[in-house]
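As a plain string of letters, each chain reads:
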Amino acid sequence: MKSAFLPDRGVVKVAGEDARNFLNGLVTTDVDRLKPGLGRFGALLTPQGKIIVDFLITEAPAGHGGGFLIDCPKALADSLATKLKFYKLRAKVTVDNLSDDVGVLAAWDGQPAAQPDLSFVDPRNDGLGYRILIPDNLKQKLSDLIGAKLVDAAEYEAHRIALGVPRGGLDFMYSDAFPHETNMDRLAGVDFDKGCYVGQEVVSRMQHRGTARTRSVKVLLDGASPEPGATILAGDKPVGTIGSTAGGKGIALVRIDRVAEALDAGQPLTAGGLPLTLAEPDVVRIPAKQPNA
C-alpha cells in the first residue's frame, strides 16, 4: 500500500446544531447520509450551476468535536469558509478553516492495517483508496500505522490521472464548469434525489435533458506531453483543452460531439502539435433517445 500527504489540500470545519441542514441546503451531495467513517463527494455551486469548489466531506465523531470536515483545495479553503459564512444568516453554525493545522493523507493500492480516526474511503473511484485527515507532522506515523509506504504526492497525482478523475484548477477551471462537465454525476458527486441546493435547477435540467456536451475524458499520449491548457485540435478545429498529464496518460476537457465527429471522419487529435488518442472512445458517443412506447 502507498500513501502520500497532499500539500495542496486543506480542511474546513462546519459545526453547530444546524450544521447538517445548513450544508444540505447548499451543496450537491446529501449530507443527511453522512456519518463518521463515511465520506461523500460534492460541490458548492453558483446560482447558475457552475462549480465554485468541489470537495470531499465526512462527519467528525464526537471524540473529535463532531461537525463536518471538508477536504478541499487548500488555495480555496479561505474563500470557501467565507462563502459559507455569507450563507449562514441566523443558522446556528460555526465555520473554521483548519488548513494550517490539518491536512490530507491519501492511501491506495491495498487495505489499511488499521482504520484511523477521521478516515474514509474516497467515494469517487474505488481505485483512489482512502483519505485520512491529519496534521502534516503525523504523515509518517500514520503511514506506518496503516502499513503504507509514504511516497511523494506526485505518485498520487499520476495515479489519479490514470484513473481519469479530474482535478479542479488543472482539468477544469472553477466558476467556469458545470458538474456534468467534470463527471461529478458519474463520480457520485451529485445526489439527484435530495432537496434543493444552490444551482440545483440547472444541474437537474442538464441531467434530465441530457444536454452535457462537454466532458472530462481520459487520453493517451504518444511521447512528450502537451502543456496543460493547450488546445486540442481535430485537424484545425478546436475540440477541447488538455489538463493534467503523467506517464503517457492525461485528462482532457472536450466537446464530445465534435470529438465524435472527428473520430467518425478519421481525423487525428493533437494538442500543442503532439498526438493524442482517447483511452475510451465510446465515452463521447451520446446514446440515442429511445422512442416513447
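Structure's up top.
Everything numeric in this text was worked out from a predicted model, so none of it was measured.

What counts, and at which threshold
- Residues numbered from 1 in each chain as written.
- Predicted model: local features only at pLDDT ≥ 70, side-chain atom pairs only at ≥ 80, totals over all residues.
- Heavy atoms only, no water.
- Phe/Tyr/Trp six-rings, centres within 6.5 Å; stacked < 30°, edge-to-face > 60°.
- Helix = DSSP H or I, 4+ residues; strand = E, 2+ residues; numbered from the N terminus.
- Buried < 20%, exposed > 50% of the residue type's maximum accessible area, 1.4 Å probe, protein only.
- Lys NZ or Arg CZ within 6 Å of the ring centre and 35° of its normal.
- Pairing = 2+ DSSP bridges.
- Axes fitted to C-alpha atoms, helices over the stretch in contact; angles between N-to-C directions.
- 1 Å grid on protein atoms, 1.4 Å probe; cavity = no way out; pocket = protein on both sides within 12 Å on 5 of 7 lines; lining within 4 Å.
- Points joined across faces, edges and corners; volume = space filled by probe spheres on them.
- Nonpolar A, V, L, I, M, F, W, Y, C, P; charged D, E, K, R; others polar.
- Polar contact = N/O pair within 3.5 Å; in protein donor to acceptor, adjacent residues only side chain to side chain.
- Contact = heavy atoms within 4.5 Å.
- Core = buried A, V, L, I, M, F, W, Y, C linked by side-chain atoms within 4.5 Å.

Enquirer: Looking at this model, I keep getting lost on the packing of aromatic side chains. Mind explaining?
Expert: Where two aromatic rings form a pair, the distance of their centres and the angle of their planes describe that pair. Tallied over the full model, the rule gives three aromatic pairs. A centroid spacing of 5.6 Å and a plane angle of 70° characterise the contact between Phe86 and Tyr87, whose relative ring orientation is edge-to-face. On the basis of an interplanar angle of 70° and a centroid distance of 5.3 Å, the ring pair of Trp108 and Tyr156 is categorised as edge-to-face. Of this pair, Trp108 sits in strand S7 (residues 103-108) while Tyr156 sits in helix H4 (residues 153-163), and the two are 48 residues apart along the sequence. Looking at Tyr156, the relative accessible area reads 4%, which means it is buried. Over the aromatic face of Phe41 sits the side chain of Arg124, whose NZ or CZ is 5.6 Å from the ring centroid.

Enquirer: Got a minute to help me understand the sheet that holds strand S11 (residues 214-221) in this structure?
Expert: Taking strand neighbours around the barrel as the criterion, the six strands line up as S11-S14-S13-S12-S15-S16 in a closed arrangement whose pairing is antiparallel. In this sheet, adjacent strand axes meet at a mean angle of 40° when their direction is disregarded. Bridge count for S11 against strand S16 (residues 274-278) is three bridges, and the pairing is antiparallel. Pairing of Leu221 across the sheet is with Leu276, part of S16.

Enquirer: What's the story with unusual backbone geometry in this structure? I'm lost.
Expert: In most cases, non-glycine residues show a negative phi, while peptide bonds are predominantly trans. For Leu118, which is not glycine, the phi torsion reads 55° and is therefore positive. You can see Leu118 is positioned in the loop between S7 and strand S8 (119-121). Of the residues examined, Leu118 reaches a relative accessible area of 16% and is grouped as buried. The residue Ser175 is not glycine, and still its phi comes out positive at about 65°. Relative to the helices and strands, Ser175 is located in the loop between H4 and helix H5 (200-209).

Enquirer: I'm lost on the pairing of strand S13 (residues 237-246) in this one. Help?
Expert: Looking along a regular strand, one sees the side chains alternate between the two faces of the sheet. As paired strands, strand S12 (residues 231-234) and S13 are joined by four bridges and run antiparallel to one another. Pairing of Thr231 across the sheet is with Thr241, part of S13. Between S12 and S13, which pair antiparallel one after the other, the connecting turn spans two residues, and Gly235 there sits at a positive phi close to 70°. Bridge count between S13 and strand S14 (residues 249-255): five bridges; the pairing is antiparallel. Note on S14: the bridge partner recorded for Thr245 is Gly250. Two successive antiparallel strands, S13 and S14, enclose a turn made up of two residues, where Gly247 displays a positive phi of approximately 60°.

Enquirer: Quick question: what am I supposed to make of empty space enclosed by the protein here?
Expert: It is a probe the size of a water molecule, rolled over the atoms, that shows where empty space is left. One pass over the structure, following the stated rule, counts one cavity of 30 Å³ or more. One number sums up the size of the largest cavity: a volume of about 30 Å³. Residues that form the lining of the largest cavity fall into these classes: five nonpolar, one polar and one charged.

Enquirer: What's the story with the side chain of Asn24 in this structure? I'm lost.
Expert: Here Asn24 is to be found in helix H1 (residues 19-24). Looking at Asn24, its side chain comes within polar contact range of the main-chain nitrogen of Val31, at 2.7 Å. Discounting residues that sit within four places of it in the chain, Asn24 has contacts with Thr29, Asp30, Val31, Asp32, Lys194, Cys196 and Tyr197.

Enquirer: I'm lost on the pairing of S7 in this one. Help?
Expert: In terms of burial, S7 is a largely internal element, six of the six residues being buried. Going residue by residue along S7, you find Gly103, Leu105 and Ala107 tucked away on one face and Val104, Ala106 and Trp108 tucked away on the opposite face as well. With four bridges connecting them, strand S1 (residues 2-5) and S7 associate as antiparallel partners. Each bridged residue has a counterpart across the sheet, and for Ala4 the counterpart in S7 is Ala106. Note: S7 against strand S9 (residues 130-134), five bridges, orientation antiparallel. Bridged to Ala106 within S9 is Arg131.

Enquirer: Would you take a moment to explain the nonpolar core for this structure?
Expert: Looking at soluble globular proteins, one finds that nonpolar side chains tend to be buried together. Judged by nonpolar contacts, the single largest core of 30 residues is most densely connected at Leu6, Ile51 and Tyr156. Counting residues per element, the ones that place at least two in this core are strand S3 (39-45), strand S4 (51-59), S7 and H4. If sequence neighbours within four positions are ignored, Ile51 has contacts with Ala43, Leu44, Leu45, Phe172, Tyr174, Ser175, Ala177, Phe178, Pro179, Thr182 and Met184. Val14, Phe68, Leu80 and Val95 belong to the second largest nonpolar core, which has 23 residues in total.

Enquirer: For this particular structure, what's the right way to read the sheet that holds S3?
Expert: Across a sheet, strands are paired by hydrogen bonds formed along the backbone, either parallel or antiparallel in direction. Spatially, five strands are ordered S3-S4-S5-S2-S6 in an open sheet, and the strand pairing comes out antiparallel. Each end of this open sheet is capped by a strand with a single partner; those strands are S3 and strand S6 (94-97). Within the sheet, the average angular offset between the axes of one strand and its neighbour, ignoring direction, is 30°. Where S4 lies against strand S5 (residues 68-73), four bridges are found, and the strand directions are antiparallel. In the sheet register, Ile57 faces S5, and the bridge partner there is Ile70.

Scope: geometric values only; no functional claims are made or implied.
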